[in-house]
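Read off the chains here:
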Amino acid sequence: MPDSAQPEVDPAQAAAAEHFYSGALHRIRSLMAVLAPILVAAAWWKFGLRPAVGFASGCAIAYVNFHWLKRVITGFVDRATGAAASQSGQGIIFRFLLRYVLMAVGAYVILTVSPASLNGLLAGLFLPVAAIACEAVYELYAAVVRGV
Amino acid sequence: MGKLSKLFMVLSVLSFAVPAFAQGGAESGVNWVAIAAGFSMAFASGICALAQGKATASAAESLARNPAARPGIQLALILGLALIESLALYTLVIIFAKVK
């Protein structure tokens, strides 16, 4: 295909789109922080205290897990691109595995203390998925309405 | 072609194994649900690990080819890994729901 057939990209529009999409991770974390209290309140109202406590614990574990995942990926990308302030490879792998250990410990503690809240805990672990789905809907809205 | 023949071989072995499951009867005392749940979690974990490895390898290769594309690749990698992990969690939830 010749170069003349390719559509022209407006640099200002491309910069606006890049700025918009670069804020996706921050928006996802904000959405998680907003969604968690709302969903915990809904779980408390619908299912009672113990499932709500389990759900809140699941949300907290999922939030910390997502934050650490972001840090691990940042360290990995730093190393892959040869950035000056890259973390050590052992530290990256240790943190990546430590996430699973801490999640398992949290789940074991909740299961030991209150088995009734286990379903809430499992549901709370899906908080990032809900936040990513909300972000996807928002990006679709921005693409359709605002043309970003 | 070799992969296909291996796949069909595994499927045929599994087909032969189906009548064997029926021979135990209800009095066998074996908790097949728990065994199936264990295999399900193992399959889900293994396939999710493979998917995470492939996603990470592709991201590393893309970063090595074009380091300027770092923000987009990093975002896609984080979201991809989070969603792949959630797939293993789906299996875990189903197992907890079915195995009491």
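Relevant structure appears above.
Residues numbered from 1 in each chain as written. Chains lettered and ligands numbered in written order. Predicted model: local features only at pLDDT ≥ 70, side-chain atom pairs only at ≥ 80, totals over all residues. Heavy atoms only, no water.

What about the overall build of chain A?
Our working rule: To qualify as a helix, a DSSP run of H or I must reach at least 4 residues; to qualify as a strand, a run of E must reach at least 2; elements of each kind are numbered from the N terminus. We take the radius of gyration over the C-alpha atoms and set the globule estimate at 2.2 Å times the residue count to the 0.38 power. Each residue is placed in one exposure class: buried if its accessible area under a 1.4 Å probe, protein chains only, is under 20% of its type's maximum, exposed if it is over 50%, and partly exposed if it falls in between. For every accessible area listed, the method is Shrake-Rupley and the probe measures 1.4 Å; residues are considered covered only by the protein chains on display. Charge counting treats Lys and Arg as positive and Asp and Glu as negative, with His and both chain ends excluded. Where a charge lies is defined by one atom per residue type: Lys uses NZ, Arg uses CZ, Asp uses CG and Glu uses CD.
What chain A contains, in helices and strands, is 6 helices and 0 strands. Helices (α) and strands (β) of chain A occur, in sequence order from the N terminus, as α-α-α-α-α-α. In terms of C-alpha radius of gyration, chain A reaches 20 Å, well past the compact-globule figure of 15 Å for 148 residues. Structurally, chain A occupies a C-alpha span of about 65 × 40 × 25 Å along its principal axes. Split into buried and exposed, the 148 residues of chain A put 33% on the buried side. With an accessible surface of roughly 8,800 Å², chain A has 69% of that area assigned to carbon and sulfur atoms. When the 10 basic and 7 acidic side-chain charges of chain A are each reduced to a single mean position, those positions are 24 Å apart.

A word on the overall build of chain B
Keep this limit in mind: Residue contacts are counted whenever heavy atoms from the two residues lie within 4.5 Å of one another.
The secondary structure content of chain B amounts to 3 helices and 0 strands. The N-to-C order of helical and strand elements in chain B reads α-α-α. Burial statistics for chain B: of 100 residues in total, 21% are counted as buried. Contacts spanning at least 24 positions in sequence make up 71% of the contacts within chain B whose residues lie at least 6 apart.

A word on the interface of chain B and chain A
Interfaces are often described in size by the accessible area the parts lose on coming together. Quick note on the threshold: Buried area adds together the accessible area that both of two parts lose upon being put together, with accessible area traced by a 1.4 Å probe. Basic side-chain nitrogens of Lys or Arg form a salt bridge, by our definition, when they fall within 4 Å of a carboxyl oxygen of Asp or Glu. Two N or O atoms form a polar contact when they lie within 3.5 Å of each other; inside protein one atom must be a possible hydrogen donor and the other a possible acceptor, and for residues adjacent in sequence the pair counts only when both atoms belong to side chains. Residues were grouped as follows: Ala, Val, Leu, Ile, Met, Phe, Trp, Tyr, Cys and Pro as nonpolar; Asp, Glu, Lys and Arg as charged; and all remaining residues, including Gly, as polar.
Across the contact, 21 residues belong to chain B and 24 residues belong to chain A. When the area that chain B buries against chain A is broken down by residue, the three leading residues are Arg70, Ile78 and Glu85 of chain B, summing to 25%. Linking chain B to chain A there are 2 salt bridges. In this structure, Glu85 of chain B engages Arg99 of chain A in a salt bridge whose closest nitrogen and oxygen atoms are separated by 2.7 Å. Scanning the region where chain B abuts chain A turns up 5 residue pairs in polar contact (both at pLDDT 80 or more). Class assignment for the residues of the side of chain B that touches chain A results in 15 nonpolar, 4 polar and 2 charged.

Digging into the environment of Met32 of chain A
Residue and element names in this part refer to chain A. Inspection of the secondary structure puts Met32 in helix H2 (residues 24-47). The class for Met32 is buried, based on a relative accessible area of 1%. The residues touching Met32, leaving out its near neighbours within four places in the chain, are Ala62, Tyr63, Phe66, Leu127, Pro128 and Ala131.

Points about the packing of helix H2 (residues 32-65) of chain B against helix H3 (residues 70-98) of chain B
Residue and element names in this part refer to chain B. This is how it is decided: The axes are straight lines fitted to the C-alpha atoms, using for helices just the contacting stretch, and the angles between their N-to-C directions are given from 0 to 180°. Any angle from 65 to 115 degrees is called roughly perpendicular, while one under 35 is roughly parallel, one over 145 is roughly antiparallel, and all others are oblique.
Close contact between H2 and H3 brings their axes to 9 Å; oriented N to C, the two are set at 180 degrees. Between H2 and H3, the crossing angle belongs to the class labelled roughly antiparallel. Looking at the contact of H2 with H3 residue by residue, the classes come out as 17 nonpolar, 5 polar and 3 charged.

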